[in-house]
Amino acid sequence: MHLKRFRATNVRDALRAVREELGPKALVLSTTMVQARGWRGLMGAREVEITAAAEREASAGRPERSENRQPEPADGITAQLLASGLDRALAEEVAASIPQGRRRSATPARLRDALAHRLSELAAVDQAYAGAEVFIGPPGAGKTTSIAKIAAQERARNGQRLGLLAADGFRIGAVEQLQAYADILDTPFAVARTADDLYDVLQTEQRVPLLVDTAGRSPSDPACQELFDVVGRARHVRTHLVLPASTSATAARKILDRYADARPSRLLITKLDEAESLSPLVSVLHEWQLPISYIGTGQRVPEDLSRATPAFLAASVLGDTPSFSVSHS
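Residues numbered from 1 in each chain as written. Predicted model: local features only at pLDDT ≥ 70, side-chain atom pairs only at ≥ 80, totals over all residues. Heavy atoms only, no water.

A short note on the packing of helix α11 (residues 249–258) against helix α12 (residues 279–288)
So, point 1. Look at α11 against α12: their axes get within 9 Å of each other, and the N-to-C directions meet at 40 degrees. Comparing the axis directions of α11 and α12 gives the class oblique. Crossing angle aside, the handedness with which α11 passes α12 is right-handed. For the pair α11 and α12, the contacting residues are Ala249, Ala252, Arg253, Leu256 and Asp257 in the first and Pro280, Leu281, Val284, Glu287 and Trp288 in the second.
So, point 2. Split into classes, the residues belonging to the contact of α11 with α12 amount to 7 nonpolar, no polar and 3 charged. (Axes fitted to C-alpha atoms, helices over the stretch in contact; angles between N-to-C directions. Helix = DSSP H or I, 4+ residues; strand = E, 2+ residues; numbered from the N terminus. Parallel < 35°, antiparallel > 145°, perpendicular 65-115°, else oblique. Left-handed = near helix turned anticlockwise from the far one by under 90°. Contact = heavy atoms within 4.5 Å. Nonpolar A, V, L, I, M, F, W, Y, C, P; charged D, E, K, R; others polar.)

With respect to unusual backbone geometry
So, point 1. A cis amide bond, omega 5 degrees, links Val301 with the succeeding residue Pro302.
So, point 2. Looking at where Pro302 falls in the secondary structure, it is placed in the loop between β10 (292–296) and β11 (305–307).
So, point 3. Despite not being glycine, Arg263 shows a phi value in the positive range, around 55 degrees.
So, point 4. Within the secondary structure, Arg263 is located in the loop between α11 and β9 (266–270).
So, point 5. A residue is classified by how much of its surface remains accessible, and Arg263, at 60% relative accessible area, is exposed.
So, point 6. Even without being glycine, Gln289 reaches a positive phi, approximately 55 degrees.
So, point 7. Mapping Gln289 onto the fold places it in the loop between α12 and β10.
So, point 8. In this structure Gln289 comes out as partly exposed when scored by relative accessible area, which is 45%. (Buried < 20%, exposed > 50% of the residue type's maximum accessible area, 1.4 Å probe, protein only.)

Structural notes on a negative patch on the surface
So, point 1. On the surface, Asp196, Asp197, Asp200 and Glu226 cluster together to form a negatively charged patch.
So, point 2. Top contributing element to the negative patch by residue count: helix α9 (residues 195–203), with 3 residues.
So, point 3. Mapped onto the fold, Asp196 is located in helix α9.
So, point 4. For Asp196, a relative accessible area of 57% puts it in the exposed group. (Patch = residues over 30% accessible without salt bridge, like charges linked within 9 Å, V, L, I, M, F, W, Y side chains within 5 Å. Areas by Shrake-Rupley, 256 points an atom, 1.4 Å probe, with all protein chains shown as cover. Salt bridge = Lys/Arg side-chain N within 4 Å of Asp/Glu carboxyl O. Lys, Arg positive; Asp, Glu negative; His and termini not counted. Charge placed at Lys NZ, Arg CZ, Asp CG, Glu CD.)

Remarks on the pattern of salt bridges
So, point 1. The final tally for this structure, using the stated rule, is 10 salt bridges.
So, point 2. Between Glu49 and Arg7 there is a salt bridge, with the nearest N and O atoms lying 3.2 Å from each other. A residue pair is termed long-range when its members are at least 10 positions apart, and Glu49 in strand β3 (residues 46–54) and Arg7 in strand β1 (residues 2–8) qualify at 42 residues.
So, point 3. Of the charged contacts in the structure, one is a salt bridge between Arg300 and Asp304, with a shortest N-O distance of 2.8 Å.
So, point 4. A residue is classified by how much of its surface remains accessible, and Asp304, at 8% relative accessible area, is buried.

Digging into the confidence of the model for the protein
So, point 1. Chain-level statistics for the protein give a pLDDT mean of 80 and a share of 83% at 70 or above.
So, point 2. Within the protein, no element has a lower average pLDDT than helix α2 (residues 38–42), which sits at 58, and none a higher one than β9, at 94.
So, point 3. When the criterion is pLDDT under 50, residues 58–67 qualifies, and its contacts beyond four places in sequence or with other chains add up to 5 contacts.
So, point 4. In the model, residues 323–329 has pLDDT below 50 throughout and makes 21 contacts with residues more than four positions away in sequence or in other chains. (pLDDT = per-residue confidence, 0-100.)

As for the packing of helix α4 (residues 88–97) against helix α6 (residues 108–118)
So, point 1. Following both chains from N to C, one finds α4 and α6 inclined at 120 degrees, their axes separated by 9 Å at the closest point. The element α4 and its partner α6 pack so that their crossing is right-handed. Residues Leu90, Glu93, Val94 and Ser97 of α4 form the contact with α6, whose own contacting residues are Ala114, Leu115 and Arg118.
So, point 2. Class assignment of the residues belonging to the contact of α4 with α6 gives a composition of 4 nonpolar, 1 polar and 2 charged.

Let's talk about the nonpolar core
So, point 1. By size, the foremost hydrophobic cluster in this structure holds 57 residues, and its most contacted members are Leu198, Val212, Leu278 and Leu313.
So, point 2. With 5 residues, the top contributor of residues to this core is helix α10 (residues 222–233).
So, point 3. Dropping the residues within four chain positions of it, Leu313 is found in contact with Leu119, Leu122, Ala123, Leu278, Ile292, Ile295 and Ala308. (Core = buried A, V, L, I, M, F, W, Y, C linked by side-chain atoms within 4.5 Å.)

Observations regarding helix α7 (residues 143–158)
So, point 1. Its 16 residues place the ends of α7 22 Å apart at the C-alpha level, agreeing with the 22 Å of an ideal helix rising 1.5 Å per residue.
So, point 2. Those residues of α7 lying buried are Lys143, Thr144, Thr145, Ser146, Ile147, Ala148, Lys149, Ile150, Ala151, Ala152, Gln153 and Glu154.
So, point 3. Looking one or two residues beyond α7, the residue adopting positive phi is Gly159, at roughly 70 degrees. (Expected span 1.5 Å × (residues − 1).)

Spelled out as structure tokens, the structure:
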């Protein structure tokens, strides 16, 4: 068994170096962040270091020492998942789910399938819209653009108009932006200037489902607390917390805590194209058991939005850019 360490500025490049030198069957044994070499390290830069192993033929007359325990195939699979950013508990669960006889020859496709199966509980399976789909989240998360994508896709694919409701009178231009999308889609549009206005609209039976855009304000803001109270009390409402894919695990936990009063039952992930992997968020959501409804992959309206599926989540976790779009059912 030949061991070697590889360094690169990111996990993807380090894994590529492993495959190029040791071959596709190399086992990744560990991954860690280390100080970069040279002047970059002196400036505080860090690199990814991966320790990998590959089988090498023993020299004639020098058999391999039997006392050296070879790494178990499951260890290599776990290490690959750890390198992608998954937490150890989830990585070990996925590795253990692959039949023992198939672990040593586990292909990327088999690994994706095993991960997809384990993440299936995080893929929301909503078949119909609630009376009101409310979108909350921090500033700049992409709520308005995501709402426009959902409405445009529904209009194009199924011919259904979804109502757009602007409950964001705080951000300059927010109402006008959503109204512009409504005009383009020829779909109903309304504005709720206060929490009471919003509650009245949500309690009124609508002819079409509503997509509700809210202000990106601090959860400690009194106006935001009023919004949370309205959303929590209203009937026939499903609330999506909107987070960029690049949100760190620590920041995601804080945001989930701060928005807990709004009782979000779904997560909408945006800007996947700006993140290296979905792993940090997936590990957090696995703890919270909060299913993912949609994943945004770019800024284009309406193309860059897909329903979250187990296969899509697995590809995103492993750093594979999903090349497919998932239609709404």
